Amino acid sequence: MNAASVSWYGRRLRQMTTREVVWRVTDQARHQAWRRRQVRPGQVPPDPVHLGQVPPGLVPAAPPRLPPGLAATVPAGAARALRMAADEILDGRWTVLGVARPDIARPDWFLDPLSGRHAPGDRYAFAVNTRSEEETGNIKQVWELSRHHHLTVVAAAWWLTGDDRYAGMVGEQLRSWWDANPFLSGVHWTSGIELGIRLIAWTWIRRLLDGWPGAEDLFDRNPVFHRQLHWHQEYLDHFVSRGSSANNHVVAEAAGQLTASCAFPWFDESDRWRRASAVLLEDQLERNTFPSGVNRELASEYHCLVAELGLVAAVEAAASGHPLGLQTGVRLCRMVDAAAALVDVRLGGPRQGDGDDGHTLVVDGPETDRWASLLTLGAAVMSPLPWWPTPPGADVRSIVLAGLLRSAPGAAPAGNAPGATGEGVAAVDGRPARALMGAALEAPTGRPDQRPWHFPDAGITILRTTVGAPGDQPEIWCRCDGGPHGYLTIAAHGHADALAIEVRHGGTEVFADPGTYCYHGEAKWRSYFRSTLAHNTIELGGRDQSISGGPFLWVETAETEELAAAPGRWSAEHDGYRSLTPPAVHRRTVELDAASRQLTVTDRVVCDRRHPARMAWHLGPSVDAEFPADGPLRLCWPGGSATVELPGVLRWSLHRGETDPIAGWYSQSFGQKQPAVTLIGTGVLGSADGEVMTVVSFSG
């Protein structure tokens, strides 16, 4: 272990409670004890797993089936997009986390396509250092393909078409993966979230291939699958993410365990696994979610992921006759309600914090929009509220999940969801979470009767102009960040973005959050995209507001306090610069005047002495900027324009696609980045400078 690793472990240890330290020591002891249980590739496997809940001589039952004729209700556009995606996979053309995978037709399960390295496939799993790029390559790239999302796409294409080419590829690749990844061998046994999501994929592959002549031999009669299924669930039963790591990972672990134990209740332990994972999932959904419905990690994409995990597992539990509790149904409703409240006029969600394009169940083409799809799913399995923006037409995922829910014991009759448009959208009629949670909510108890704009527990405020009547001007949407840095002591997926804002015009990003880009392998880029300078806020003293101790570790975080929040006006401050000499407080007020279509950002640095300061405004990728010889900055984009009066006390410069130092970049999705304009104002700020103002005037 090198000095850097020792230093990281020291910082990480300081963020743990005594209880967590004890648990981790126990976990490490179990890792050592289980070494003898490793099955190496090519090794003669142990005796077949005992299917204690399957009567002797009978084939294990398949998971609850989709209703007959459901495939015919998929809208033509969604069906076409799915077939095109599946055909690309068959033809060896597919992109994973922004990187082409020409081996997709016959995957190399251990390849990192970025570095060309191969992660260990035969080493004992708990001896693999997934933080070392030298050892594993870019671990996200290696792991992602083994979530088997591409195989759920291909299986869904078989369900739609009956074309056996699709089913044949799925069978070939699953057998390949099972043979290459026996118990505790290699990198794919190192992270519980990967096992949980993989179990959900296998459940749905089996369901979507129901009726294919080879399905029973691939799954139900296959001792290799029986072993893998049991191994995955046994692993998740013993190695649960806890303490400062109990974020979206533990939700995925519990959701995968619950899904598999409900769908394949074949083993002596199945009932116990189902009960334990249901309790864990319900507890962690509560812990990971603010009462308002916003995810506590305050990383917008993880809000979607956790909501999807909860919904998919809850539908599976209901379909098996073991629905989750009523309060979990209410919580899932609030999570989707929060998403409906946060999106802009084009159903684009916030871009706060980390995002790694993580999904729960992928059965649609790659162009499917993340937030719109979540709202479509919500409309299909619960009652959308009158103020929800209208989701787009049904996609395959919403149809299959709603169809499975309709088959659940005690499900209400299905009908078209209020507010949902598009052929084929089905829902539990008018009773949110009735079949989903096993009890009727005759009225939307605890759900907001108007569209929320302020989430005080999460520190999120949305300022927006009203859109709805014909002839209305494009929506101005502004997200203001006045909340906690993140979740738990390490706040793994938070960014140093206190008081940052995002601004959009008609759904076009004007002042954008640049995104995430990467987690592993490119330390300079990871540091930049998490930094204060990479957000629309102020850096003081040449340092971030919060202090990083590693790529998923913060050792000192800014505390933010909202001072005022009202429609059209928000104010907050943070103490992230309390360690400067002398300490400083950054205070910001944002006002949106709908009548004049003007956004005013007023900043004040409260400090007895001036500190070096940099203010950043990151423009969206479709926005061009021009500094005229005199007058304000001019911005233009397809469908709109604005002028920006920048604080004169700072010296302003434009940056685009620079690498030394890094400046002027935007990451639309994980693994991808592109040059974009960033405005940086440099100077000194303190109390003596009073208020400095940025005024954005929109034309139309």
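Summary of the structure given here.

About the cut-offs
Residues numbered from 1 in each chain as written. Predicted model: local features only at pLDDT ≥ 70, side-chain atom pairs only at ≥ 80, totals over all residues. Heavy atoms only, no water. Pairing = 2+ DSSP bridges. Helix = DSSP H or I, 4+ residues; strand = E, 2+ residues; numbered from the N terminus. Axes fitted to C-alpha atoms, helices over the stretch in contact; angles between N-to-C directions. Salt bridge = Lys/Arg side-chain N within 4 Å of Asp/Glu carboxyl O. Core = buried A, V, L, I, M, F, W, Y, C linked by side-chain atoms within 4.5 Å. Buried < 20%, exposed > 50% of the residue type's maximum accessible area, 1.4 Å probe, protein only. Contact = heavy atoms within 4.5 Å. Parallel < 35°, antiparallel > 145°, perpendicular 65-115°, else oblique. Left-handed = near helix turned anticlockwise from the far one by under 90°. Nonpolar A, V, L, I, M, F, W, Y, C, P; charged D, E, K, R; others polar. Phe/Tyr/Trp six-rings, centres within 6.5 Å; stacked < 30°, edge-to-face > 60°. Lys NZ or Arg CZ within 6 Å of the ring centre and 35° of its normal.

To continue, consider the sheet that holds strand 10 (residues 538-540). Judged by pairing direction, the sheet is antiparallel, and its four strands sit side by side in the order 10-17-26-21 without closing on themselves. Whereas interior strands pair on both sides, the edge strands pair on one side only; in this sheet they are strand 10 and strand 21 (651-656). Here the average twist between neighbouring strands, direction ignored, is 25 degrees. In terms of strand pairing, strand 10 meets strand 17 (residues 611-618) through three bridges, oriented antiparallel. Across the sheet, residue E539 finds its bridge partner in strand 17, namely R614.

In this section: the pattern of salt bridges. Note on pairing: side chains with opposite charge can pair once their charged atoms come close. What the rule picks out here adds up to 38 salt bridges. Here K140 ties to D356 by a salt bridge, and the two come within 2.9 Å at their closest N and O atoms. Separated by 216 residues along the polypeptide, K140 in helix 5 (residues 139-145) and D356 in the loop between helix 14 (326-342) and helix 15 (370-381) bring together distant segments of the chain. The partner of R287 in a salt bridge is D283, and the shortest N-O contact between them spans 2.8 Å. With R287 and D283 both in helix 12 (residues 270-287), this residue pair falls four residues apart, about one helical turn.

The nonpolar side chains of a soluble globular protein tend to be buried with one another. In this structure, W159, L174, W204, I205, L209 and L281 are the most contacted members of the largest nonpolar core, which totals 149 residues. Looking at this core element by element, the count peaks at 14 residues for helix 13 (residues 300-319). In contact with W159, not counting residues within four places along its chain, are L66, L70, A71, V74, L208, V396 and V400. Residues I538, L540, L580 and L599 belong to the second largest nonpolar core, which totals 41 residues.

On to the packing of helix 6 (residues 149-161) against helix 7 (residues 164-180). Where helix 6 meets helix 7, the axes come as close as 8 Å, and the angle between the chain directions of the two elements is 150 degrees. As summarised for this structure, helix 6 and helix 7 are arranged roughly antiparallel, according to the angle between their axes. At the point where helix 6 passes helix 7, the crossing takes the left-handed sense. Of the residues in helix 7, those in contact with H150, L151, V154, A155, A157, W158 and T161 of helix 6 are D164, Y166, A167, M169, V170, Q173 and L174. Within the contact of helix 6 with helix 7, the residues separate by chemical class into ten nonpolar, three polar and one charged.

What follows covers the environment of I200. By secondary structure assignment, the location of I200 is in helix 8 (residues 192-208). Taking the relative accessible area as the measure of exposure, I200 reaches 0% and is therefore buried. When neighbours within four sequence positions are excluded, I200 is seen to be in contact with A255, G256, T259, L309, V312 and T360.

This brings us to the packing of aromatic side chains. Under the definition given, this model contains 30 aromatic pairs. An angle of 50 degrees between the planes, with centres 6.1 Å apart, marks the rings of W189 and Y235 as tilted. Highlighted residues: W189 in the loop between helix 7 and helix 8 and Y235 in helix 10 (residues 223-238), separated in sequence by 46 residues. Y235 carries the same exposure label as W189, and that label is buried. With a centroid separation of 4.9 Å and 70 degrees between ring planes, the pair formed by Y519 and F670 is classed as edge-to-face. One end of the pair, Y519, is in the loop between strand 9 (508-511) and helix 18 (523-530); the other, F670, is in the loop between strand 24 (665-666) and strand 25 (674-675), and 151 residues separate them in sequence. Residue classification places F670 among the buried residues on the basis of a relative accessible area of 5%. Among the aromatic side chains, those forming a connected cluster through ring pairs are W177, W178, W202, F219, F225, F264, W266, F267 and W273. The positively charged end of K140 is found above the aromatic ring belonging to F670, 5.7 Å away from the centroid. One cation-aromatic arrangement involves K673 over W665; the distance from NZ or CZ to the ring centre is 5.6 Å.

Right, let's talk about the side chain of Q233 for a bit. As for its placement among the helices and strands, Q233 is situated in helix 10. Judged by its relative accessible area of 0%, Q233 is buried. Leaving out residues up to four positions away in the same chain, Q233 has contacts with L199, Q257, A260, S261, F267 and W273.

Nothing here speaks to function; it is geometry throughout.
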